[in-house]
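One-letter residues, chain by chain:
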Amino acid sequence: MIRFVFITCLFAFAQHTIIYAQTEQRCHTTEFRKADLERHPELLHQIIADEKQLQEWIQHHLPQSGRNIITIPVVVHIVFPESQLYTTVTAHDVASQIDALNEDYRRQNVDANKTPDLFQSVSSDLEIQFCLAKRTPDNQPTTGILYEPIPIQEWDGTQLETLKQFAWPKEKYLNIWVCKMADNVIGYATFPNTTETDGVIIASRAFGRVSTKLSGNYNLGRTGTHEVAHWLNVNHVNGDDGNQCSGSDFCDDTPNQADQNYGCPTFPNPSCSNTSDMFMNYLDYTRDSCMNLFSANQKQRMIATLNNTRLSILSSDGCTPFSEPQTDIQVEAILYPSGIVNKRSIAPQVRIANNGSGSISSCSINYGFFGQDMLTYSWTGNLPAKGSEIVVLPKIMDSVGYSIFICYAYNLNNGAAEFDTINNFMSRRIYVPSDAVKDTIGENVLIFPNPSSGTYTLKFDSLVADDYTVELFNVVGQLINADVEYNTLNQLQINMLQAAPGLYFVRIRNGRNKFSGKLLKLQ
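Just so it is clear, the structure is predicted and the values come from calculations on it, not from any experiment.

Enquirer: I'm lost on the overall build of the protein chain in this one. Help?
Expert: When its secondary structure is counted, the protein chain shows eight helices and 23 strands. The principal-axis extent of the C-alpha atoms belonging to the protein chain is close to 95 × 55 × 45 Å. By residue count, 56% of the 523 residues in the protein chain fall in the buried class. A separation of at least 24 residues holds for 70% of the contacts in the protein chain among residues at least 6 apart in sequence. Put simply, the protein chain shows about 22,100 Å² of open surface, and 50% of that area lies on carbon and sulfur atoms.

Here it is, written out as structure tokens:
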């Protein structure tokens with residue numbers, strides 16, 4: 001929703017306080033900005049001038065798509081007492097948060113299809129992405145993650161002066177602090193025109209998407225999506241007017257709505273005489289699994305901000321490594337699974353890249369779905385400097401519904417040291433519908449050794465752990481007891497050491513097809 005008389009709205013915002021009786025508060029940015037204005041009332045004049053400049057820029061620049069993708073360097077500060085510093089938030093948590101930001105800001109989120117038809121036409125790829133910083137302000141290599149021991153148990157928003165000593169220049173980096181936050185707040189951010197430490201602060205219980213410590217409602221990294229949008233000058237969709245239907249987010253494609261929405265309302269959910277609130281917008285207060293879009297006008301505000309009050313970050317070299325490492329492997333992309341996957345049995349495909357100056361001959365790849373046992377694949381080959389290769393991994397089984405696929409490369413060249421192991425990790429959120437097909441057994445089945453003294457290996461093109469039955473018969477058709485063990489390389493181990501010597505038949509079925517073979521048991 002938009003009100004072109006935005007000065008009135010900003011004055012109303014400056015005087016308004018909102019209090020929510022919620023167990024967890026999605027965002028404290030409104031309250032934080034109000035406190036900033038109370039301490040520095042002269043800031044309001046700058047906010048009004050900046051908003052006027054922003055609106056003028058938007059009016060003179062037509063919406064575009066297909067522009068060069070903007071990449072914003074990010075430095076993540078892990079801020080905890082020393083005893084908790086390295087155990088509360090992991091590097092994989094950080095990497096998964098960057099993955100979530102990139103999916104949401106590029107509209108590559110798997111739940112984009114859940115946007116109602118009413119809003120599909122305004123849902124937008126923002127053409128903005130994020131990287132962990134590769135160089136420090138003084139041109140030294142970095143992983144983009146800093147561990148900063150500060151003896152503060154809970155942050156309540158009054159200790160921002162403490163953070164200033166760690167902040168990297170806002171002209172070149174987006175600073176994100178991760179900590180334990182007080183008063184059930186899970187995040188807040190600064191707008192471009194602030195007098196305080198510039199950046200985003202996120203509670204550890206809402207940061208990333210691959211930790212068992214996450215809040216059940218805020219476990220997909222979308223607190224980061226929400227707060228970074230504030231940092232890029234986008235307001236809450238209801239205009240923060242406290243249920244009055246008179247506020248504005250200065251976006252005319254987000255319906256005028258009353259209060260923020262929590263949980264996940266059923267569509268349509270009307271207020272203020274609209275057809276429905278855009279409660280699935282990342283700038284409402286719904287839980288992570290309910291959010292799925294930014295609007296076209298929100299994109300305009302972000303692009304306008306990056307061409308005005310945050311213009312300097314467009315020329316940042318923070319994503320460019322200062323020097324070339326000798327050894328550095330990267331999981332550059334998860335090609336499959338991605339998006340909606342209509343198969344239960346999945347052979348993942350990932351692209352690994354050599355960012356170093358030396359060649360890579362081997363590495364181990366851990367992969368699987370968050371919350372399930374991970375598998376390990378040993379890759380060997382010859383990956384030259386700056387080269388890349390697509391690796392097809394052995395099949396795994398996924399469950400129906402949403403899940404997060406994880407891939408991590410390690411043990412480079414049998415243990416060569418790497419400075420940056422953060423880019424070895426990547427995650428991708430996918431969806432498997434309930435009618436997804438289970439894979440076939442395959443046509444090429446190898447049995448070895450055969451004949452055997454009683455132990456056989458059967459190797460299949462594809463076979464998944466919960467998707468088959470095995471039966472053994474003797475020559476007169478009687479069922480024979482045997483030990484059958486599945487392993488993760490599409491193989492079965494059959495042990496029939498107690499059976500008498502002779503000819504046996506094995507039949508394997510997976511509901512849609514079957515395989516039959518002969519086993520010869522020796523003395």
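Enquirer: Looking at this model, I keep getting lost on the side chain of arginine 209. Mind explaining?
Expert: Along the chain, arginine 209 turns up in the loop between strand 6 (200-203) and helix 7 (222-231). For arginine 209, the side chain forms a polar contact with the side chain of glutamate 103, separated by 2.7 Å.

Enquirer: What should I look at first to understand the sheet that holds strand 20 (residues 483-487) in this one?
Expert: Whether parallel or antiparallel, the strands of a sheet pair through hydrogen bonds between backbone atoms. Across the sheet, four strands lie side by side as 17-18-21-20; this open sheet has antiparallel pairing. Every interior strand has two partners, whereas the edge strands, strand 17 (446-448) and strand 20, have only one. Adjacent strand axes in the sheet meet at a mean angle of 20° when their direction is disregarded. By the bridge criterion, five bridges tie strand 20 to strand 21 (residues 491-495) in an arrangement that is antiparallel. Across the sheet, residue glutamate 485 finds its bridge partner in strand 21, namely glutamine 493.

Enquirer: Help me understand the pattern of salt bridges in this model?
Expert: It is possible for side chains of opposite charge to pair when their charged atoms get near one another. Here the structure, examined in full by the defined rule, presents 18 salt bridges. Of the charged contacts in the structure, one is a salt bridge between glutamate 51 and arginine 301, with a shortest N-O distance of 2.8 Å. You can see glutamate 51 sitting in helix 3 (residues 43-59) and its partner arginine 301 sitting in helix 8 (residues 296-306), a full 250 residues away along the chain. An identical accessibility class is assigned to glutamate 51 and arginine 301; each is buried. Linked by salt bridges that have partners in common, Asp104, Asp111, Arg222 and Arg429 make up one network.

Enquirer: Could you clarify how one ought to interpret unusual backbone geometry in this entry?
Expert: Trans is the common state for peptide bonds, and a negative phi is the common state for residues other than glycine. Looking along the chain, the bond that leaves phenylalanine 267 and enters proline 268 is cis, with omega of -5°. A cis amide bond links asparagine 450 with the next residue in sequence, proline 451, at an omega value of 15°. Its location among the elements puts proline 451 in the loop between strand 17 and strand 18 (455-459). Backbone geometry at cysteine 272 places phi at a positive 50°, although glycine is not the residue there. Here cysteine 272 shows up in the loop between helix 7 and helix 8. Using a relative accessible area of 21% as the deciding quantity, one classes cysteine 272 as partly exposed.

Enquirer: Can you help me understand the confidence of the model for the protein chain in this one?
Expert: Low-pLDDT stretches of the model should not have their predicted coordinates read in fine detail. With 91% of its residues at a pLDDT of 70 or more, the protein chain has an overall mean of 90. Predicted confidence for residues 11-22 stays below pLDDT 50, and this span has 26 contacts to residues more than four positions away or in other chains.

Enquirer: Could you clarify how one ought to interpret the side chain of aspartate 328 in this entry?
Expert: Structurally, aspartate 328 can be placed in the loop between helix 8 and strand 7 (329-336). Despite its burial, aspartate 328 remains without a salt bridge, the nearest opposite charge being carried by lysine 134 at 5.7 Å. A distance of 3.4 Å separates polar atoms of two side chains, one belonging to aspartate 328 and the other to asparagine 423.

Enquirer: How do you make sense of the nonpolar core when you look at a structure like this?
Expert: A general trend in soluble globular proteins is that nonpolar side chains are found buried together. Core analysis: the largest hydrophobic core is formed by 67 residues, its most contacted members being Ile72, Tyr105 and Ile128. Examining the composition of this core, we find that seven residues originate from one element, strand 1 (residues 70-80), more than from any other. When residues no more than four places from it in sequence are discounted, the contact partners of isoleucine 128 are Ile69, Ile70, Ile72, Tyr105, Arg106, Leu232, Met302, Ile303 and Leu306. Listed in part, the 26 residues of the second largest apolar core include Val331, Ile352, Tyr367 and Trp379.

Enquirer: Mind showing me how you'd approach the state of the cysteines here?
Expert: In a disulfide, the sulfur atoms of two cysteines are covalently bonded to one another. Overall, the coordinates contain three disulfides when judged by the stated rule. A disulfide bridge connects cysteine 131 with cysteine 319, and the sulfur atoms are separated by 1.8 Å. One disulfide, between cysteine 131 and cysteine 319, carries an S-S torsion of -95° and so falls in the left-handed class. Here cysteine 131 is found in strand 2 (residues 128-132), whereas its partner cysteine 319 is found in the loop between helix 8 and strand 7, with 188 residues between them in sequence. Disulfide pairing is shown between cysteine 245 and cysteine 272; the S-S distance is 1.9 Å. With the S-S dihedral at roughly -80°, the linkage between cysteine 245 and cysteine 272 falls on the left-handed side.

Enquirer: What should I look at first to understand helix 3 in this one?
Expert: For an α-helix, 3.6 residues make a turn, and residues three or four places apart therefore share a direction. Taking 1.5 Å as the rise per residue, helix 3 with 17 residues should run 24 Å; its terminal C-alpha atoms sit 25 Å apart, in good agreement. Listed in full, the buried residues belonging to helix 3 are Leu43, Leu44, Ile47, Ile48, Asp50, Glu51, Leu54, Gln55, Trp57 and Ile58.

Enquirer: Teacher, can you tell me more about the sheet that holds strand 8 (residues 339-340) here?
Expert: What the five strands build is an open sheet, ordered 8-16-15-11-12; its pairing is mixed. In this open sheet, the two strands that pair with only one neighbour each are strand 8 and strand 12 (375-383). Together, strand 15 (401-410) and strand 16 (425-432) form the strand contacts of helix 4 (residues 91-105), whose direction differs from that of strand 16 by roughly 55°.

Enquirer: It is not clear to me how the packing of helix 3 against helix 8 should be interpreted in this structure. Could you clarify?
Expert: To characterise two packed helices, one gives the angle between the axes of the helices and the distance between these axes. Direction vectors running N to C along helix 3 and helix 8 enclose 110°, while the axes themselves pass 9 Å from each other. Classified by the angle their axes make, helix 3 and helix 8 are roughly perpendicular. Contact residues: helix 3 offers Glu51, Leu54, Gln55, Trp57 and Ile58, while helix 8 offers Gln300, Arg301, Ile303, Ala304 and Thr305. Here the residues of the contact of helix 3 with helix 8 sort into five nonpolar, three polar and two charged.

Enquirer: Is there a simple way to explain helix 2 (residues 29-39) in this structure?
Expert: Within helix 2, eight of the eleven residues are buried, which leaves the element mostly enclosed by the surrounding structure. Buried within helix 2 we find Thr29, Thr30, Glu31, Phe32, Arg33, Lys34, Asp36 and Leu37.

Enquirer: What's the story with a nonpolar patch on the surface in this structure? I'm lost.
Expert: A grouping of Val475, Val476, Leu503, Phe505, Leu520 and Leu522 is seen on the molecular surface, where their side chains present a nonpolar patch of about 500 Å² in accessible area. With respect to the helices, strands and loops of the structure, leucine 520 is situated in strand 23 (residues 514-521). Residue leucine 520 is classed as partly exposed on the basis of its relative accessible area of 34%.

Cut-off values and rules
Residues numbered from 1 in each chain as written. Predicted model: local features only at pLDDT ≥ 70, side-chain atom pairs only at ≥ 80, totals over all residues. Heavy atoms only, no water. Helix = DSSP H or I, 4+ residues; strand = E, 2+ residues; numbered from the N terminus. Buried < 20%, exposed > 50% of the residue type's maximum accessible area, 1.4 Å probe, protein only. Contact = heavy atoms within 4.5 Å. Areas by Shrake-Rupley, 256 points an atom, 1.4 Å probe, with all protein chains shown as cover. Polar contact = N/O pair within 3.5 Å; in protein donor to acceptor, adjacent residues only side chain to side chain. Pairing = 2+ DSSP bridges. Axes fitted to C-alpha atoms, helices over the stretch in contact; angles between N-to-C directions. Salt bridge = Lys/Arg side-chain N within 4 Å of Asp/Glu carboxyl O. pLDDT = per-residue confidence, 0-100. Lys, Arg positive; Asp, Glu negative; His and termini not counted. Core = buried A, V, L, I, M, F, W, Y, C linked by side-chain atoms within 4.5 Å. Disulfide = S-S within 2.5 Å. Expected span 1.5 Å × (residues − 1). Parallel < 35°, antiparallel > 145°, perpendicular 65-115°, else oblique. Nonpolar A, V, L, I, M, F, W, Y, C, P; charged D, E, K, R; others polar. Patch = residues over 30% accessible without salt bridge, like charges linked within 9 Å, V, L, I, M, F, W, Y side chains within 5 Å.

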